[in-house]
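An overview of the molecular structure
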Amino acid sequence: MPRSAELAALDAAVAAAADAAAAKGRTPVVLIDGPSGAGKSSLADALLAAWPATGTPRLVRMDDLYPGWDGLDAGSEAVGRDLLEPLRASGSGFWTRWDWSRSRPSGRVAVEGAEPLVVEGCGALSRRNAASADLTVWLQADDTLRKERALARDGETFAVEWDRWQRQFDRFVAREHPLGQAALVLDVTGADLTEGRAGTTVES
């Protein structure tokens, strides 16, 4: 089955960025950001399922490291400070998993070596984080559709927190201007992002 136009554009951009990173002897890093429900997780899954470059990609989801419902900024800062910048400097970084059921950290996850890394989630694409990436991607979609997608995925848990989270994201966008940091902008309102579900999530 042919890839959608959106995934084909992503594939081409990833392949070029990964080749350029490899030529410089560094780990290819792809950041995917956008508002809740835009399709970041689905896009990352589809990308990993048919990785268009060399290597076996690893995936870090920002949802796994935000320290709670007020943690968008803290998660954005942590992924740059603890993972992206050390990985770029020394080939080794980490991220700290958040236990949502117990509202506390639940251990560090090491990320080492030259295999490609994809980070997806709200807050991934700050100015600081973009400086450590080889490809920066911004997703946008119809607001009504986004909310339907997000609530269908996370149900009442997210429904009661939607406004709280959206306020944080609005502040992040106003401060960091992630759209301006993006090398590739995809409007995925009508796109089918369910072409793949396989991949390697960084667990340990």
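Everything numeric here is computed off the predicted structure, so don't read it as measured data.

**Some points on the packing of aromatic side chains**
Inspection of the entire model under this criterion finds 5 aromatic pairs. Ring plane angle 65° and centroid distance 5.3 Å describe the contact between W69 and W100, whose orientation is recorded as edge-to-face. Taken together, the residues W69 in the loop between strand 2 (58-61) and helix 3 (72-90) and W100 in the loop between strand 3 (92-99) and strand 4 (104-112) connect sequence positions 31 residues apart. Assessed through its relative accessible area of 34%, W100 is described here as partly exposed. Look at F169 and F172: their rings are 6.2 Å apart centre to centre, the planes differ by 25°, and that puts the pair in the stacked class.

**Details of the packing of helix 1 (residues 5-23) against helix 2 (residues 40-49)**
It is the contact of helix 1 with helix 2, at a shortest axis distance of 11 Å, that shows an interaxial angle of 60°. The angle between helix 1 and helix 2 places the two elements in the oblique class. Crossing of helix 1 over helix 2 shows right-handed handedness. Where helix 1 approaches helix 2, its residues L7, L10, D11 and V14 are matched on the opposing element by L43, A46 and L47. Among the residues making up the contact of helix 1 with helix 2, the classes are represented as 6 nonpolar, no polar and 1 charged.

**Quick look at the pairing of strand 4**
Relative to strand 4, strand 3 runs antiparallel, the two being bridged by 7 bridges. Following the sheet pairing, D99 is matched in strand 4 by R104. Two successive antiparallel strands, strand 3 and strand 4, enclose a turn made up of 4 residues, where S103 displays a positive phi of approximately 55°.

**So, helix 6 (residues 162-176)**
Along an α-helix, residues three or four apart share an orientation, since each turn contains 3.6 residues. Here helix 6 is 15 residues long and its end C-alpha atoms lie 21 Å apart, about the 21 Å a rise of 1.5 Å per residue gives. Turning to helix 6, its buried residues are W162, W165, Q166, Q168, F169, F172 and E176. Buried residues along helix 6 cover an arc of 160° about the axis, so they all sit on one side.

**Considerations on the nonpolar core**
Core analysis: the biggest nonpolar cluster contains 26 residues, and L83, L84, L117 and V119 have the highest contact counts within it. No other element matches the 5 residues that helix 3 contributes to this core. Every residue in contact with L84, bar those within four places of it in the chain, is listed here: V29, L31, V79, L117, V119, N129 and S132.

Cut-offs applied
- Residues numbered from 1 in each chain as written.
- Predicted model: local features only at pLDDT ≥ 70, side-chain atom pairs only at ≥ 80, totals over all residues.
- Heavy atoms only, no water.
- Phe/Tyr/Trp six-rings, centres within 6.5 Å; stacked < 30°, edge-to-face > 60°.
- Helix = DSSP H or I, 4+ residues; strand = E, 2+ residues; numbered from the N terminus.
- Buried < 20%, exposed > 50% of the residue type's maximum accessible area, 1.4 Å probe, protein only.
- Axes fitted to C-alpha atoms, helices over the stretch in contact; angles between N-to-C directions.
- Parallel < 35°, antiparallel > 145°, perpendicular 65-115°, else oblique.
- Left-handed = near helix turned anticlockwise from the far one by under 90°.
- Contact = heavy atoms within 4.5 Å.
- Nonpolar A, V, L, I, M, F, W, Y, C, P; charged D, E, K, R; others polar.
- Pairing = 2+ DSSP bridges.
- Expected span 1.5 Å × (residues − 1).
- Arc of directions from axis to C-beta.
- Core = buried A, V, L, I, M, F, W, Y, C linked by side-chain atoms within 4.5 Å.

Functional significance is not addressed by these values, which are geometric in nature.
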